[in-house]
Amino acid sequence: MERVDVLVVGAGPAGSTVAYRLAKAGHDVRVLEEHRQVGHPVQCAGLVSKRVLDLAGSHASVRKPVHGAAVFGPSLGSVEFRAPEPRAYSIDRASLDLELADRAARAGARFDTGVRFDRRREDRDGRVVLEATRDGATPVEYSARLVVGADGVASTVARAFRLRRPVEILPAFEAEFPRSPGDTDRVEVYLSNAFAPGLFGWWIPDGQGGARVGVAANADGTSARHYYDRLVVYLSRRFGTPLTSPTSYLASGIPIGNVPRTYGDRVLLVGDAAAQVKPLSGGGIFTGMRSAEIAAGIADGALRAGDLSSSRLEEYDRAWRREFGEEFGRALALRRIFTRLTDADLDRLIETLRSSELLGTIVAFGDIDFPTHVVRRLLGESPSLVRLMPKALGAWLRSRPEYQVPDLA
Ligand SMILES: Cc1cc2nc3c(=O)[nH]c(=O)nc-3n(C[C@H](O)[C@H](O)[C@H](O)COP(=O)(O)OP(=O)(O)OC[C@H]3O[C@@H](n4cnc5c(N)ncnc54)[C@H](O)[C@@H]3O)c2cc1C
C-alpha cells in the first residue's frame, strides 16, 4: 500500500494546480491520472482568458491571441465586437495540461499515470484507504490523509464520497479542421435551437490556419453528434463553402449547476468534479484552476492542523463560492431565460445588440470569465433587451448590487 499525505485524482488543470500548491507547501502529494499521457485525449475548445495564463505562470501554450467575437443568430444575422487588446487566447490545451503537470512535478508532486481510481475502501487510523487499477489490470492501494477529486465531469471521487452531482450535464461534440475559412482574429458563436438548444455552437481559430468547431446543447435525448452535423450544414451556409476533412473528434460533457457540497471528511472536489463551470459558456479552466488554488490554501492549513474533518474543510466551499457564487447564481438565472428563447427571439436579440451604444458597452465591459457584469449593464441601457425576459427576473438582475471581480494580480 502506498502512503501519501494527499491523493489528487485527475491531472487536468484543476488537479495539477492543487498538486503544485500543496507540493510547494511541503506536502507529500501523489496524482493519479487514468490516461497514460497527461493532456490526452484533448476534450476542450481551448479558449481562455489571460487570467488562466497568469495562474499557470506561463504563456507557452498560447497559439493565438483573440481580439474579438462574432455572434450569429439562427437566420445568420450577426453582431461583431472587436477590442484593440486581446480579450481571449486560443491555446494548445494539451500543452497547458502538460505544463501544469510539469510545474507540479518540479515542486515535488509524483504522478502515477495509467492509474484509475476505482473506490474508497475504508477509513482507518485517520486515513482513507483507496483502490485503484494500473494499466487496466493491476490493483493498487493507496492510503491518504486527504483526497482531492479533480477527476472531471463524471467524478468517481464524488460518487465514492457520496457528494451529489451537478444537476445538468450538457453533451458536447467538437471536431478539428486543419484548414478553415474564417477570420482568425476572432471567435464565432452560433445561436439556434435547431443545433444548440440551451447553449451554442463555436468556431475557434487554432492559430495554425485551422479551427475547432463544436457544439454543446441541453441533454434532451438528441445526441451532440447529431446537433454537430446540423451545425456543419449551417456553417456551410455561413462560410459559403463546406468545412471538410476534420482530423479529430471529441465527445464529452459540460457540468452546469450547483453541487451542494464540494467537501466532506478527508475530501475536496475541484474543477468540473465540483461543477465550477461558467453556466453561460461552459468554460471551466479559469474557475477550476482558481478554485484549486483556494482548495490548496485551505488544505494546507488543515493538514498542518491535523484536522481534515468536514467542518474544517467546509471553509473551502465558502471561500470559492465567495469568489464565484454571485456570478454563477446570476448566470444560472440568465441561462434559464436563454433556454426559453425561440429562434425568432434569438434573431431579435442579435438585432438589438447591433445598436452602436450597446456594442460600445460590450467592448468596454465584456469579460469572458464574468459575463453577467456586461449583461447587467446592457439591461440597464436597453429596454428591448429587458422585454426579452420575464419582468421580475429582469428587475432582479438589474437591481443586484455591483460586485467585485476578484483581483488575482
Ligand atoms: C467540448 C468542450 C469544449 C470546452 N472548451 C472550453 C474552453 O474553450 N475554455 C474553457 O475554459 N473550458 C472549456 N471546456 C471546459 C473545460 O474543458 C473543463 O472545465 C476543464 O477541463 C476542467 O478541468 P478539470 O481539471 O476539472 O477536469 P479535466 O480537465 O476533465 O481533468 C480530469 C482528469 O481526471 C482524469 N480522471 C477522470 N477519472 C479518473 C479516475 N477515476 N482516475 C484517475 N484519473 C481520472 C481524466 O482523465 C482527466 O485527465 C470545454 C469542455 C468541453 C467538453
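Nothing here was measured: the structure is a model prediction, and the numbers come from that model.

Pairing geometry for strand S9 (residues 115-124) and strand S10 (residues 127-134), over eight bridges, is antiparallel. Considered in S10, the bridge of Val115 is made with Arg134. Hairpin connection between S9 and S10: a loop of two residues separates the two successive antiparallel strands, and Asp125 in this loop has a positive phi of roughly 50°.

With that out of the way, let us pick up the packing of aromatic side chains. By convention here, two paired aromatic rings are described through the distance between centres and the angle between planes. Considering all chains together, one arrives at 13 aromatic pairs under this definition. Residues Phe286 and Phe324 carry aromatic rings whose centres are separated by 5.6 Å and whose planes lie at 90° to one another, so their mutual orientation is edge-to-face. Taken together, the residues span a long stretch of sequence, with Phe286 in helix H6 (residues 285-305) and Phe324 in helix H7 (residues 310-338) at a distance of 38 residues. On the basis of relative accessibility, which here comes to 0%, the residue Phe324 falls in the buried class. Every member of this aromatic cluster is reached through a ring pair, and the members are Phe286, Trp320, Phe324, Phe328 and Phe370. Directly above the ring of Tyr20 sits Arg103, whose terminal nitrogen or CZ lies 4.0 Å from the centroid.

Before going further, it helps to examine the environment of Glu168. By the element assignment, Glu168 lies in strand S12 (residues 168-177). With near-sequence residues (within four places) excluded, Glu168 lies in contact with Asn218, Ile254, Pro255, Ile256 and Arg335. Here the side chain of Glu168 touches Arg335 through a polar contact of 2.9 Å, side chain to side chain.

So, about the domain arrangement of the protein. Per the domain assignment, the segments making up the protein are domain 1 (2-44 + 93-167 + 259-324), domain 2 (62-89 + 168-255) and domain 3 (331-399). With centres defined by C-alpha atoms, the gap from domain 2 to domain 3 works out at 21 Å. On the domain 3 side, the residues contacting the 23 residues of domain 2 number 17 residues. With both sides pooled, the region where domain 2 packs onto domain 3 buries about 1,500 Å², and carbon together with sulfur makes up 57% of that total. Inspection of the region where domain 2 meets domain 3 yields one salt bridge. Across the pair Glu168 and Arg335 runs a salt bridge, and its minimum N-O distance is 2.9 Å. Put simply, domain 2 and domain 3 have nine residue pairs in polar contact (both at pLDDT 80 or more) between them. Elements supplying a minimum of two residues to the side of domain 2 that touches domain 3: strand S5 (68-72), strand S6 (78-82) and S12. Counted by class, the side of domain 2 that touches domain 3 contains 11 nonpolar, eight polar and four charged residues.

This part takes up the site of the ligand. Around the ligand, a shell composed of 35 residues is seen, among which Glu33, Ala45, Leu47, Arg93 and Asp272 lie nearest. Asp272 has a polar side-chain atom sitting 2.7 Å from an oxygen atom of the ligand. Ile285 places a polar main-chain atom, nitrogen or oxygen, 3.1 Å from an oxygen atom of the ligand. Protein coverage of the free-state accessible area of the ligand, which is 1,000 Å², stands at 89%. Residue assignment for the shell around the ligand shows that the elements contributing at least two residues are helix H1 (13-24), strand S2 (29-33), S9 and strand S16 (248-256). Of the residues forming the shell around the ligand, the biggest block, four residues, is contributed by S16. Split by residue class, the shell around the ligand holds 16 nonpolar, 13 polar and six charged.

Take unusual backbone geometry next. That bond from His40 to Pro41 is cis: its omega, -5°, falls within 30 degrees of zero. Among the structural elements, Pro41 can be located in the loop between S2 and strand S3 (47-48). Despite not being glycine, Arg162 has its phi angle at roughly 55°, a positive value. Note on placement: Arg162 falls in the loop between helix H4 (156-160) and S12. With a relative accessible area of 76%, Arg162 lands in the exposed category. A positive phi angle is found at Ser245, which is not glycine, with a value near 55°.

Mapped onto the elements, Asp97 comes out in helix H3 (residues 93-106). On the accessibility criterion, Asp97 (7% relative accessible area) is buried.

For the rest of this paragraph, the subject is empty space enclosed by the protein. In this approach the atoms are scanned with a rolling probe the size of a water molecule, which exposes any empty space left behind. Under the definition given, this model contains one cavity of 30 Å³ or more. For the largest cavity, the full set of lining residues is Leu191, Ser192, Asn193, Ala196, Pro197, Gly198, Leu199, Phe338, Thr339, Leu341 and Leu346. Considered class by class, the residues forming the lining of the largest cavity number seven nonpolar, four polar and no charged. Mapped onto the domain boundaries, the lining of the largest cavity takes at least three residues apiece from domain 2 (62-89 + 168-255) and domain 3 (331-399).

Residues Val6, Val8, Leu22, Val29, Leu146, Val270 and Tyr316 are the most contacted members of the largest nonpolar core, which totals 50 residues. Here this core gets 11 residues from one element, more than from any other, and that element is H6. With near-sequence residues (within four places) excluded, Val270 lies in contact with Ala14, Val18, Val148, Gly149, Ala150, Gln276, Ser291, Ala292, Ala295 and Tyr316. Counting 35 residues, the second-largest nonpolar core is a separate cluster that includes Val187, Leu191, Trp202 and Leu378.

With mixed pairing, the seven strands of this open sheet are ordered in space as S6-S5-S13-S14-S15-S12-S16. Of all the strands in the sheet, the pair left with one neighbour each is S6 and S16. On average, adjacent strands in this sheet sit at an angle of 20° to one another, irrespective of strand direction. Sheet analysis places S5 next to strand S13 (residues 186-190), joined by five bridges and oriented parallel. Within S13, the position partnered with Ala69 by the bridge is Val187.

Conventions adopted
Residues numbered from 1 in each chain as written. Predicted model: local features only at pLDDT ≥ 70, side-chain atom pairs only at ≥ 80, totals over all residues. Heavy atoms only, no water. Pairing = 2+ DSSP bridges. Helix = DSSP H or I, 4+ residues; strand = E, 2+ residues; numbered from the N terminus. Phe/Tyr/Trp six-rings, centres within 6.5 Å; stacked < 30°, edge-to-face > 60°. Buried < 20%, exposed > 50% of the residue type's maximum accessible area, 1.4 Å probe, protein only. Lys NZ or Arg CZ within 6 Å of the ring centre and 35° of its normal. Contact = heavy atoms within 4.5 Å. Polar contact = N/O pair within 3.5 Å; in protein donor to acceptor, adjacent residues only side chain to side chain. Domains from an automatic or database assignment. Buried area = accessible area lost by both parts, 1.4 Å probe. Salt bridge = Lys/Arg side-chain N within 4 Å of Asp/Glu carboxyl O. Nonpolar A, V, L, I, M, F, W, Y, C, P; charged D, E, K, R; others polar. Near = heavy atom within 4 Å. Areas by Shrake-Rupley, 256 points an atom, 1.4 Å probe, with all protein chains shown as cover. 1 Å grid on protein atoms, 1.4 Å probe; cavity = no way out; pocket = protein on both sides within 12 Å on 5 of 7 lines; lining within 4 Å. Points joined across faces, edges and corners; volume = space filled by probe spheres on them. Core = buried A, V, L, I, M, F, W, Y, C linked by side-chain atoms within 4.5 Å. Axes fitted to C-alpha atoms, helices over the stretch in contact; angles between N-to-C directions.

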